[in-house]
Amino acid sequence: MAFFKQAATEGSSAGSEVLTGAFVEGYSIEVMPRTAAKIDDFKALLPTGTRVYIAHIEGTPIEEMVETAARLAGDGFPVMPHFPARIIRDGAMLEDWILRYRDVGVSQALLLAGGVTKPHGELASSMDLMESGLFDKHGFKRLHVAGHPEGNKDIDADGSSRQVDAALQWKQAFSERTDAAMAIATQFAFEAQPVIAWAERLKAAGISLPIHVGIAGPAKLQTLIKFAMACGVGPSIRVLQRRAMDIRKLVMPYEPADVLADLAAYKEQNPGSLIEQVHFFPLGGIKASTDWANETVRTGALRRTA
């Protein structure tokens, strides 16, 4: 990816402009069937070729997931539905889902354990899904997995990263013994430094999977705090907490200008980083996120807010 030469101005002073359009360009975005249904025309919102993830929340019928996937694939977008292992009872159910998606033109998947505490059946992790061999059998050649730059207390309750690190090492080995194209799509964070430190630690440990950094799109502050707490976002939530204490910013929508500016500057200075692209969580609405992202790409720049 070619980055603008002037990736950052001096420091992170208030109002400083950072050229991040090339870093945001090629972003992916996540939708749910109920939110996608509110969009009349995705082709009017998304650049050609945008990868669209479809989040599968427990209780969502597979028919709604596949219908949304068929619509987006029919519009020409690469579609990546979630496969949450813990809501899939067994291999037969997994294969049924894979075949349903394949029949509407889908050949990519995000594999994850899912936010369910107790598995519905014999599958409990993304590794269980990968070991089934069913994705390769049915032509799914791109498989993404979840990443947690600030840890995951559902997996490592002691606050360490022991189990998530071991899982990523397993997935790295899987990528080396198969021909699957793989990447890590992360939980969203509100500061760049935890993501950067995590990416550097993974690379030092021999991980080479590209990282697609999760970014919360523009939204009301109260909305972001609610989602951040529900999703287990780590210490970077302090960015929102500080903002909530400033009455001038409390009433203004949050925009991810600062975190993206820092990530863009780091990537420009460290082109060999595992950090590869941006993945938007449109917590304030799909149109709000796509409008903001597209304008950033169009102008090639954004302005820091802090």
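Residues numbered from 1 in each chain as written. Predicted model: local features only at pLDDT ≥ 70, side-chain atom pairs only at ≥ 80, totals over all residues. Heavy atoms only, no water.

Student: Outline the pairing of strand β2 (residues 28-31), supporting the account with residue identities and numerical values.
Tutor: In regular strands, side chains alternate between the two faces of the sheet. Burial along β2 is two-sided: the residues Ser-28 and Glu-30 and Ile-29 and Val-31 are all buried. Sheet topology note: the β2/strand β9 (residues 275-281) ladder contains two bridges and is parallel. Each bridged residue has a counterpart across the sheet, and for Ser-28 the counterpart in β9 is His-279. Note that β2 and strand β3 (residues 52-54) share three bridges and pair parallel. When the bridges of β3 are listed, Ile-29 appears paired with Val-52. (Buried < 20%, exposed > 50% of the residue type's maximum accessible area, 1.4 Å probe, protein only. Helix = DSSP H or I, 4+ residues; strand = E, 2+ residues; numbered from the N terminus. Pairing = 2+ DSSP bridges.)

Student: Explain the packing of helix α3 (residues 62-74) against helix α4 (residues 91-102) to me, and be specific about the residues and the numbers.
Tutor: If you want to describe how two helices pack, look at the angle between their axes and the distance between the axes. Between α3 and α4, the least distance of the axes is 9 Å, while the angle of their chain directions is 25°. Of the possible angle classes, the one that applies to α3 and α4 is roughly parallel. Remark: the crossing between α3 and α4 carries right-handed chirality. Along its contact with α3, which presents Ile-62, Glu-63, Met-65, Val-66 and Ala-69, the element α4 presents Trp-97, Arg-100 and Tyr-101. (Axes fitted to C-alpha atoms, helices over the stretch in contact; angles between N-to-C directions. Parallel < 35°, antiparallel > 145°, perpendicular 65-115°, else oblique. Left-handed = near helix turned anticlockwise from the far one by under 90°. Contact = heavy atoms within 4.5 Å.)

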